[in-house]
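# Residue-level structure breakdown
Residue strings, one per chain:
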Amino acid sequence: MPWPSIALLTFVTLQRLAELVYARHNTAALLARGARECAPEHYPFMVAMHAAWLAGLWLFAIGRSVDPFWFLLFMVLQGLRLWVLATLGERWTTRIVILPGAALVRNGPYRFLSHPNYAIVVGEIAVLPLAFGMPLYAAIFSLLNGIILTIRIRAENACLLQSVH
């Protein structure tokens, strides 16, 4: 039966689309308040990697059974994702946007990690394909995600460092 895989992929797709709308709204509001986007050069590659990851899952995971352990772990990650979104609120965006004079967020999951959203994304990129029994797919996209996140985190840290000086 393909419906569990279709239901899970529909959930993830709708979630990602809703997040893009939310991020676009937040980005526009931040820019209107005087924020600036920093280091946008890698952004198209990040979007392309995430789109390819999701499109590939639609192509290769339909009809596969969903492993309950990996599914539950993925759902835990969704709860953590919501925690990040709730903590950042209007400051959450998919781009690196710096609001001059705004203090760094240090509550919620940011008490424990500098970049909790990226840690969650690392988990999602690996765990969702594993839920479908696709370890090679998980490894390939984890490697690609690791490359992009290395570039992004370096850029974001440099931008944040510049903003406090």
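Quick look at the structure, then. (Residues numbered from 1 in each chain as written. Predicted model: local features only at pLDDT ≥ 70, side-chain atom pairs only at ≥ 80, totals over all residues. Heavy atoms only, no water.)

Glancing now at the overall build of the protein chain. The helix and strand inventory of the protein chain stands at 5 helices and 2 strands. Secondary structure elements of the protein chain occur, N-terminal to C-terminal, as α-β-α-α-β-α-α. Taking 2.2 N^0.38 as the reference for a compact globule, 165 residues should give roughly 15 Å; the C-alpha atoms of the protein chain span a radius of gyration of 17 Å, in line with that estimate. Across its three principal axes, the protein chain shows a C-alpha extent of roughly 55 × 30 × 25 Å. Out of the 165 residues belonging to the protein chain, those deemed buried represent 42%. Across the protein chain, the fraction of contacts at a sequence separation of at least 24, relative to all contacts at a separation of at least 6, is 86%. (Helix = DSSP H or I, 4+ residues; strand = E, 2+ residues; numbered from the N terminus. Rg over C-alpha atoms; globule rule 2.2 N^0.38 Å. Buried < 20%, exposed > 50% of the residue type's maximum accessible area, 1.4 Å probe, protein only. Contact = heavy atoms within 4.5 Å.)

Inspection of the entire model under this criterion finds 1 disulfide. A sulfur-sulfur separation of 1.6 Å characterises the disulfide bridge that pairs C38 with C159. Looking down the S-S bond of the C38 and C159 bridge, the torsion is -70°, so its handedness is left-handed. Here C38, found in the loop between β1 (36-37) and α2 (43-60), pairs with C159, found in helix α5 (residues 135-164); they are 121 residues apart in sequence, far enough to count as distant. Both residues of the pair, C38 and C159, belong to the buried class. (Disulfide = S-S within 2.5 Å.)

Given the relative accessible area of 4%, C159 is considered buried. Taking the C-alpha atoms as reference points, C159 and F74, separated by 85 residues in sequence, lie 31 Å from one another. Once residues within four sequence positions are removed from consideration, C159 is found in contact with R36, C38, A39, I96 and I98.

This next bit is on the packing of aromatic side chains. Inspection of every chain in the model, using the stated rule, returns 5 aromatic pairs. Centre to centre, the rings of Y22 and W92 are 5.9 Å apart; their planes meet at 15°, and the pair counts as stacked. Taken as a pair, Y22 in helix α1 (residues 3-32) and W92 in the loop between α3 (68-88) and β2 (97-98) lie far apart in primary sequence, 70 residues in all. Look at W92 and you get buried, because its relative accessible area is 4%. Relative to F112, the ring of W83 lies with its centre 6.3 Å away and its plane at 50°, an arrangement referred to as tilted. Placement of the pair is W83 in helix α3 and F112 in the loop between β2 and α4 (116-131), with a sequence separation of 29 residues. Feature note: the residues F60, Y137 and F141 constitute an aromatic cluster, connected by ring pairs. Above the plane of the ring of Y43 lies R95, whose end atom (NZ or CZ) is 3.9 Å from the centre. (Phe/Tyr/Trp six-rings, centres within 6.5 Å; stacked < 30°, edge-to-face > 60°. Lys NZ or Arg CZ within 6 Å of the ring centre and 35° of its normal.)

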